[in-house]
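Residues per chain, in single letters:
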Amino acid sequence: MEVSTMKGWTFLFTLISCVGIAVTLEIPVTAGTWDLLVKNAGVSAMHMTTTHFNTVVMFDRTNFGPSQLRLNNGRCRDNPKDLALTHDCWAHSIEYNILTNEVRPLMVMTDTWCSSGAFMENGTLAQTGGYRDGGKSIRYFSPCGDNSMCDWVEYEEAKLSDNRWYSSNQILPDKRIIVMGGTKVFTYEFVPKSSLVEGSFSLPFLSETNEPNIQNNLYPFLHLSSDGNLFIFANRDSILFDYRNNVVMKRFPSIPGGPRNYPSSGSSVMLPLMETDGFQKVEILICGGVPEGGVEAARSWSYIDALDTCGRMVITDPNPSWAMETMPAPRVMGDMLILPNGEILIINGAEKGAAGWLLSRNPSFSPFLYRPNDIPGQRFSVIGATTIPRLYHSSVNVLPDGRILVAGSNPNRGYTFTGVPYPTELRIEAYSPYYLDQSYKILQPTITFISLSSITYGSAFVVTFSLSGIITNGSCNIQFNAYAPSFTTHTNSMNQRLLTLSATNPVALLPLYYSSIVTAPPSPVAAPPGYYMLFVVNCGIPSAAQWIQFRSS
């Protein structure tokens with residue numbers, strides 16, 4: 001369906017048309033469009049991530065009782081510890097095929113409720129923690145070409161050291177995954193472990209940021225900084241942490257306003273890393289949350305406005321501080337995604353209340369677009385609204401074609417479709433941002449060739465692309481952006497990362513075809529090993545992506 005246009009602004013482009021004649025076009029930016037992809041996916045998407053086989057893995061918790069999709073081939077899950085069905089023939093995880101627009105059931109054994117995940121270097125999803133019997137579980141999903149053959153795998157002998165419920169993950173330069181925090185767990189650990197006797201490690205910062213009975217430090221925000229240390233944000237505070245030696249390297253100022261982590265759920269991104277400074281400048285953006293006392297009020301059925309502020313801080317500055325900005329409206333449980341062109345999308349959530357069962361009101365139907373490089377005070381735009389509330393337990397992901405996949409939302413204790421303010425949501429939507437508007441088609445590149453798909457750090461590779469119109473006045477240029485997909489749950493987009501790579505100026509090969517030599521990031525500190533979507537971006541308009549892998553030699 002078509003949606004209303006966003007605030008008026010235009011770009012003046014000088015283009016070379018397909019017949020070689022210079023023309024000038026003035027193109028308005030639209031609010032984007034929403035499309036309903038799947039009317040009933042059968043499973044509500046509490047968790048979501050995109051694989052390098054162009055599929056999207058989604059899953060809920062296992063102990064909700066029946067979903068609306070049965071396991072295939074007569075399979076059933078027998079688990080005497082399950083709280084709802086010890087003999088369970090219903091799916092609680094699905095794989096969505098982007099090309100065919102179909103879903104298929106997956107079988108997960110232990111409870112994945114409020115868990116976390118990260119991709120390994122080979123593209124396997126390592127998925128950690130959950131509730132009760134799933135609290136120490138490590139699950140693996142290895143996507144494959146024949147999607148009917150891929151499913152979840154758990155190994156009884158491979159367990160976490162501590163129960164991880166509401167924890168966060170980050171892949172590290174050495175290929176390990178750090179698993180941080182959780183409910184009443186003030187430790188971190190690694191997957192895989194370096195030895196059979198390695199356990200977990202205490203981190204007092206997690207207990208310092210914990211509020212009794214409220215917490216406000218769950219699903220901490222993790223970002224790998226350019227010095228190899230880990231930026232950790234919980235509640236209102238943050239540190240730079242040397243996880244190798246268990247040393248806090250720096251403490252940052254508290255962010256103004258209220259808490260920003262679950263259940264006062266704001267969201268966080270690391271702004272794009274740039275090759276122009278060697279990927280050294282690291283800037284964090286945190287938006288939304290709940291004022292002090294807002295969670296307690298919501299639990300007493302009084303819903304106050306969420307926070308309407310964002311804080312932005314360059315953590316690599318000698319004396320970092322938060323620069324505060326105001327969003328167009330309050331938002332809690334908003335997901336933040338880095339778009340292929342480096343802009344930020346804030347989507348889903350509510351204007352009042354907090355995260356939790358029935359604890360929010362006034363759904364945020366309209367996403368916000370944030371342009372980090374615009375003048376402060378002019379960075380936000382309100383864009384096209386959906387008609388579907390996406391509240392607690394909803395999720396989003398960036399797709400390789402530049403669309404945004406949106407699914408989930410279940411603020412109820414079970415699959416509930418009547419008699420509640422916001423029923424369980426099983427529909428899957430796609431939001432197409434303004435850059436996919438047909439009026440931009442002349443500016444959109446198409447990748448036609450990549451000389452390497454598995455690329456060692458610092459190596460050069462050739463990218464060939466076609467383009468029916470190219471900028472000639474120097475106001476815009478071609479960028480090559482590598483994007484690590486997020487594992488998204490509870491407004492935390494784990495492992496998300498975008499890098500603008502070094503590249504030569506495009507050379508014309510044939511009419512409408514161009515080639516550039518692109519250089520991979522210099523080390524796994526800049527880009528942890530694994531699969532990335534590579535976008536060619538022309539004046540803010542991205543191509544569809546091709547997958548590449550960054551790896552050590």
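Keep in mind the model is a prediction, meaning the values are calculated, not measured. For every chain, the first residue of its written sequence is number 1, and the numbers climb from 1 along that sequence. pLDDT decides what is reported in this predicted model: residues at 70 or higher carry local features, side-chain atom pairs at 80 or more are listed and counted, and totals for whole chains, interfaces and linings draw on all residues regardless. Based on all heavy atoms of the structure, the side-chain values leave hydrogens and waters out of the count.

Undergrad: Would you mind showing me how to read the pattern of salt bridges here?
TA: Side chains that differ in charge, positive against negative, can pair when their charged atoms come close. Salt bridge, as used here, is a side-chain nitrogen of Lys or Arg placed within 4 Å of a carboxyl oxygen of Asp or Glu. Applying the stated rule across the entire model yields 22 salt bridges. A salt bridge links Arg139 to Glu154; its shortest N-O distance comes to 3.6 Å. Pair noted here: Arg139 is in strand β12 (residues 137–141) and Glu154 is in strand β13 (residues 152–159), with a separation of 15 residues, a long-range link. Three or more residues are tied together by salt bridges with common partners; here these are Asp162, Arg164, Glu189 and Lys193. The secondary structure listing takes helices from DSSP runs of H or I that are at least 4 residues long and strands from runs of E that are at least 2 residues long, numbered from the N terminus.

Undergrad: I tried to follow the sheet that holds strand β17 (residues 201–202) on my own but got confused; where do I start?
TA: Strand pairing in a sheet relies on backbone hydrogen bonds, with the paired strands running either antiparallel or parallel. Two strands are counted as paired when DSSP detects at least two bridges linking them. Spatially, β14-β15-β16-β17 is the arrangement adopted by the 4 strands of the open sheet, whose pairing is antiparallel. The open sheet has two edge strands with one neighbour each: β14 (168–171) and β17. The pairing of strand β16 (residues 187–191) with β17 spans 2 bridges and is classified as antiparallel. Within β17, the position partnered with Tyr188 by the bridge is Phe201.

Undergrad: I keep staring at the side chain of Thr110 and nothing clicks. Help me out?
TA: Structurally, Thr110 can be placed in the loop between β9 (102–106) and β10 (116–119). Think of it in three bands: with a 1.4 Å probe and only protein chains considered, a residue is buried below 20% of the maximum accessible area for its type, exposed above 50%, and partly exposed in between. Note on Thr110: relative accessible area 11%, which makes it buried. In protein, a polar contact means a hydrogen-donor-capable atom and an acceptor-capable atom, both N or O and within 3.5 Å, with residues adjacent in sequence counting only if both atoms are side-chain atoms; elsewhere, any N or O pair within 3.5 Å suffices. A polar contact of 3.1 Å, which involves the side chain of Thr110, links it to the side chain of Arg139.

Undergrad: Explain the sheet that holds strand β41 (residues 492–494) here, please?
TA: Within the open sheet, the 6 strands sit side by side as β9-β8-β5-β4-β40-β41. Their pairing is antiparallel. The two strands at the open ends of the sheet, each matched to only one other strand, are β9 and β41. Ignoring which end each strand starts from, the neighbouring axes of this sheet average 20 degrees apart. Examined bridge by bridge, strand β4 (residues 47–50) and strand β40 (residues 487–489) share 2 bridges and lie antiparallel to one another. Each bridged residue has a counterpart across the sheet, and for Met48 the counterpart in β40 is Thr488. The convention used is that axes are lines fitted to C-alpha atoms, helices contributing only their stretch in contact, and that angles between N-to-C directions extend from 0 to 180 degrees.

Undergrad: Is there a simple way to think about unusual backbone geometry in this case?
TA: Cis geometry marks the peptide bond from Val191 to Pro192, where omega comes out at -10 degrees. Along the chain, Pro192 turns up in the loop between β16 and β17. Following Tyr262, the chain continues into Pro263 via a peptide bond in cis, with omega recorded as 5 degrees. Relative to the assigned elements, Pro263 resides in the loop between β21 (247–251) and β22 (267–270). Unusually for a residue other than glycine, Asn54 sits at a positive phi of about 60 degrees. Within the secondary structure, Asn54 is located in the loop between β4 and β5 (55–59). Within the chain, Thr491 stands out as a residue other than glycine whose phi angle is a positive 65 degrees.

Undergrad: Sorry, what's going on with the pairing of β5 here?
TA: Successive residues of a regular strand alternate their side chains across the two faces of the sheet. With 5 of 5 residues buried, β5 lies mostly within the body of the structure. Covered by surrounding structure in β5 are Thr55, Val57 and Phe59 together with Val56 and Met58, the residues of both alternating faces. In sequence, β4 turns back onto β5 through a hairpin of 4 residues, with Asn54 there showing a positive phi of about 60 degrees.

Undergrad: Is there a simple way to think about the confidence of the model for the protein chain in this case?
TA: Low-confidence regions, as indicated by low pLDDT, have predicted coordinates that should not be scrutinised in detail. For every residue, the predictor assigns a confidence score, pLDDT, that lies between 0 and 100. Per-residue pLDDT for the protein chain averages 93, and the proportion of residues at 70 or more is 93%. Throughout, a contact is declared for two residues whenever any of their heavy atoms are within 4.5 Å. Every residue in residues 1–27 scores below 50 in pLDDT, and together they form 68 contacts with partners more than four places removed in sequence or on other chains.

Undergrad: What should I look at first to understand the state of the cysteines in this one?
TA: Disulfides are covalent bonds that link the sulfur atoms of two cysteine residues. Note that a disulfide, as used here, is simply two cysteine sulfur atoms within 2.5 Å. Taken as a whole, this structure holds 3 disulfides when the rule is applied. The disulfide partner of Cys144 is Cys150, and the S-S distance across this bridge is 1.7 Å. Measuring the twist about the S-S bond at about -135 degrees, one finds the Cys144-Cys150 disulfide to be left-handed. Residues Cys144 and Cys150 agree in their burial class; the two are buried. Residue Cys287 pairs covalently with Cys310 via a disulfide, S to S 2.1 Å. Across the disulfide from Cys287 to Cys310, rotation about the S-S bond amounts to roughly 115 degrees, and the bridge is consequently right-handed. Of this pair, Cys287 sits in strand β24 (residues 283–287) while Cys310 sits in strand β25 (residues 309–314); the two residues are 23 residues apart in sequence, bridging distant segments of the chain. Taking the relative accessible area as the measure of exposure, Cys287 reaches 3% and is therefore buried.

Undergrad: What is the right way to read the side chain of Thr456 from this model?
TA: Within the element layout of this structure, Thr456 appears in strand β37 (residues 454–456). In terms of polar contacts, Thr456 uses its side chain to reach the side chain of Ser459, at 2.4 Å. Each residue touching Thr456, except ones within four places of it in the same chain, is listed here: Ala520, Arg551, Ser552 and Ser553.

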